[in-house]
Amino acid sequence: MRAPRLPAWTATLTWKAAVFIAVMCCALAALLGVLVHVSVTGQTVNDSREKALARLTDVTRLYEAGEPIPRFAGIDPPGLPGSLRALAVRGERGTVVADDTGGRPTMWAAGPADGRALAVRVDYTQSAETIDALDRSILGSSVLAIGATLLVGVFAVTRVTRRLHLTAQVARRISAGDLDARVDDPRTKDPSRPQDEVATVSGALDTMASSLQSKLQSEQRFTADVAHELRTPLTGLSAAAELLPEGRPSELVRDRVRAMRGLTEDLLEISRLDARNETVDLAVHELGPLAERVVRASGTETEVRVVRDATVETDRRRLERVLGNLVANAHKHGAPPVVVTVDGPVVSVRDHGPGYPGYLLESGPQRFRTESGGKGHGLGLTIAVGQAEVIGAELVFAEGAGGGAEALLRLPEYVAFSDPTPADR
């Protein structure tokens, strides 16, 4: 049998702090209550005992003088506890708190009297009621103190946890690509102001985000500047290559120039995606015919299977770019047959090669890294991921059933709202 799992909210810092504060308050209240109870009870009992012993002394003197003893005293009176009677018979004096025959709390004091017990009683009702009232007061004040302390403690902890949640939200926004997100804790604005641990963490996160943003923007500017600077000489080089006489050397030059131009265009596209200022031209398209058009344009032997067609609202140019890169990557780094399957709003591109590298399955494609042994710069899949994010699609890389690589592109399906009929109106 599995042990029942606690609800998720029990793992929060607020709940743990509340439990800790409640337990500590209860323990402290119990300790103080016991100490006060023991102290007051002991003092009350001592006062009653001294009073009872003083009366016993006076009654003993009257008994020895042969004078009548008062009504609160007697020889072996009814209700005298047996333990106290036995103590007096042995020739000793003692006291005990017990109920009399009427059920009232009584302080008994007894001493020896000719082989019997001479006892006196002192009414202990008021003292017992005083102790009971004190216990109730201690319990009530403890509950109030625990409640007030718990409320104040939870309020204080909630303020801290709220700041921690804000810091976590900003960290998630930064990891999602929002490099402008900042905590902006007011406690970090003034360096001379004392800072707690949460403010220190918030300030460190803001500093890290600013440094990361600066480095990424510098890299993006460098990539864009390099790509832009390469376009002009590459244009001239391409024109010059076309003037070369036909032959194997000129073909090699033209091939390398085309590769350089393609790489430059890819770098420009990646720099635009990194800048996150792309605009989307949305329109409604049938996914099956669009996938078939992409395969025809690729000029490759790729099979298209339409299990269930779907209507999607997307940017056609960007979607064709994503599918085109996936098909090209499957033919370049995989092995035939390459199959593009449309099943509702999900498009899969499957090849039967060695599959995606382990690093790609774990953390996604990386620029200028490929382990397939073929040509490539790792930019095609990087662009596919970036364009899929722009159009609001999810691109997942996985291992195909039975081997090979499979890329799954999940698009948001378009839902058409039909016009209401006259009866509905």
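The coordinates are above.
Conventions and cut-offs
- Residues numbered from 1 in each chain as written.
- Predicted model: local features only at pLDDT ≥ 70, side-chain atom pairs only at ≥ 80, totals over all residues.
- Heavy atoms only, no water.
- Phe/Tyr/Trp six-rings, centres within 6.5 Å; stacked < 30°, edge-to-face > 60°.
- Helix = DSSP H or I, 4+ residues; strand = E, 2+ residues; numbered from the N terminus.
- Buried < 20%, exposed > 50% of the residue type's maximum accessible area, 1.4 Å probe, protein only.
- Lys NZ or Arg CZ within 6 Å of the ring centre and 35° of its normal.
- Pairing = 2+ DSSP bridges.
- Axes fitted to C-alpha atoms, helices over the stretch in contact; angles between N-to-C directions.
- Expected span 1.5 Å × (residues − 1).
- Polar contact = N/O pair within 3.5 Å; in protein donor to acceptor, adjacent residues only side chain to side chain.
- Core = buried A, V, L, I, M, F, W, Y, C linked by side-chain atoms within 4.5 Å.
- Contact = heavy atoms within 4.5 Å.
- Arc of directions from axis to C-beta.
- Disulfide = S-S within 2.5 Å.

(A) Structural detail: the packing of aromatic side chains. Under the criterion given, the structure shown has one aromatic pair. Centroid distance Tyr 356 to Phe 397: 5.3 Å. Interplanar angle 75°. Geometry classified as edge-to-face. Taken as a pair, Tyr 356 in the loop between β9 (346–350) and α8 (358–363) and Phe 397 in strand β10 (residues 394–399) lie far apart in primary sequence, 41 residues in all. Assigned by exposure class, Tyr 356 and Phe 397 land together as buried. A cation sits over an aromatic face here: Arg 55 above Phe 72, 4.6 Å from the ring centre.

(B) How the structure looks around the sheet that holds strand β4 (residues 116–123). Taken together, four strands build an open sheet; the order of strands is β1-β4-β3-β2 and the sheet is antiparallel. Of all strands in the sheet, those bounded by a partner on one side alone are β1 (73–75) and β2 (94–99). This sheet shows a mean twist of 30° between the axes of neighbouring strands, independent of strand direction. Note: strand β3 (residues 105–113) against β4, eight bridges, orientation antiparallel. For Ala 113, the partnering residue across the bridge sits in β4 and is Arg 116.

(C) Quick peek at helix α7 (residues 316–333). Look at α7: 25 Å from first C-alpha to last across 18 residues, which is about the 26 Å you get at 1.5 Å a residue. Every buried residue of α7 is accounted for by Arg 318, Leu 319, Val 322, Leu 323, Asn 325, Leu 326, Val 327, Asn 329, Ala 330 and His 333. N-cap assignment for α7: the residue whose side-chain oxygen lies 3.2 Å from the backbone N of Arg 317 is Asp 315.

(D) Highlighting the nonpolar core. With 31 residues, the main nonpolar core has Leu 319, Leu 323, Leu 326, Leu 395, Phe 397, Leu 409 and Leu 411 as its most contacted residues. Elements with a minimum of two residues in this core: α6 (287–298), α7, β8 (338–343), β9, α8, α9 (379–390), β10 and β11 (405–410). Contact partners of Leu 395, with chain neighbours within four places excluded, come to Leu 326, Ala 384, Val 385, Ala 388, Ala 407, Leu 408 and Leu 409. Membership of the second largest hydrophobic core comes to 14 residues, among which are Leu 56, Val 59, Tyr 124 and Ile 131.

(E) Local environment of the environment of Pro 194. Examined against the element boundaries, Pro 194 turns out to sit in the loop between α3 (125–175) and α4 (197–242). Given a relative accessible area of 72%, Pro 194 falls into the exposed group.

(F) Spatial organisation of helix α2 (residues 82–89). Turning to α2, its buried residues are Leu 84, Leu 87 and Ala 88. Taken around the axis of α2, the buried residues stretch over an arc of 95°, which confines them to a single face. Along α2, the residues that are exposed and aim more than 90 degrees away from the buried face are Gly 82 and Ser 83. The inward-facing, buried residues of α2 contact β2, β3 and β4.

(G) Here's a closer look at the state of the cysteines. By the definition in use, this model includes zero disulfides. The structure places no disulfide on Cys 25, whose sulfur is separated from the nearest cysteine sulfur, that of Cys 26, by 7.0 Å. Cys 26 gets classed as partly exposed once you look at its relative accessible area, which sits at 41%.

(H) Fine view of the sheet that holds β11. Strand order in the open sheet formed by five strands is β6-β8-β9-β11-β10, and the pairing between neighbours is mixed. On the outer flanks of this sheet lie β6 (302–308) and β10, each paired with one strand and no other. Neighbouring strand axes in the sheet, compared pairwise and without regard to direction, differ in orientation by 15° on average. Relative to β11, β10 is paired through six bridges, and the arrangement is antiparallel.

(I) Quick look at the pairing of β4. Note: β1 against β4, three bridges, orientation antiparallel. Its bridge partner being in β4, Gly 74 is matched across the sheet by Ala 119. Where β3 hands over to β4, the hairpin turn is made up of two residues, of which Asp 114 adopts a positive phi near 55°.

(J) Representation of the side chain of Ser 348 within the structure. Within the fold, Ser 348 resides in strand β9. Since its relative accessible area comes to 9%, Ser 348 is described here as buried. Dropping the residues within four chain positions of it, Ser 348 is found in contact with Val 339, Val 340, Thr 341, Glu 406, Ala 407 and Leu 408.

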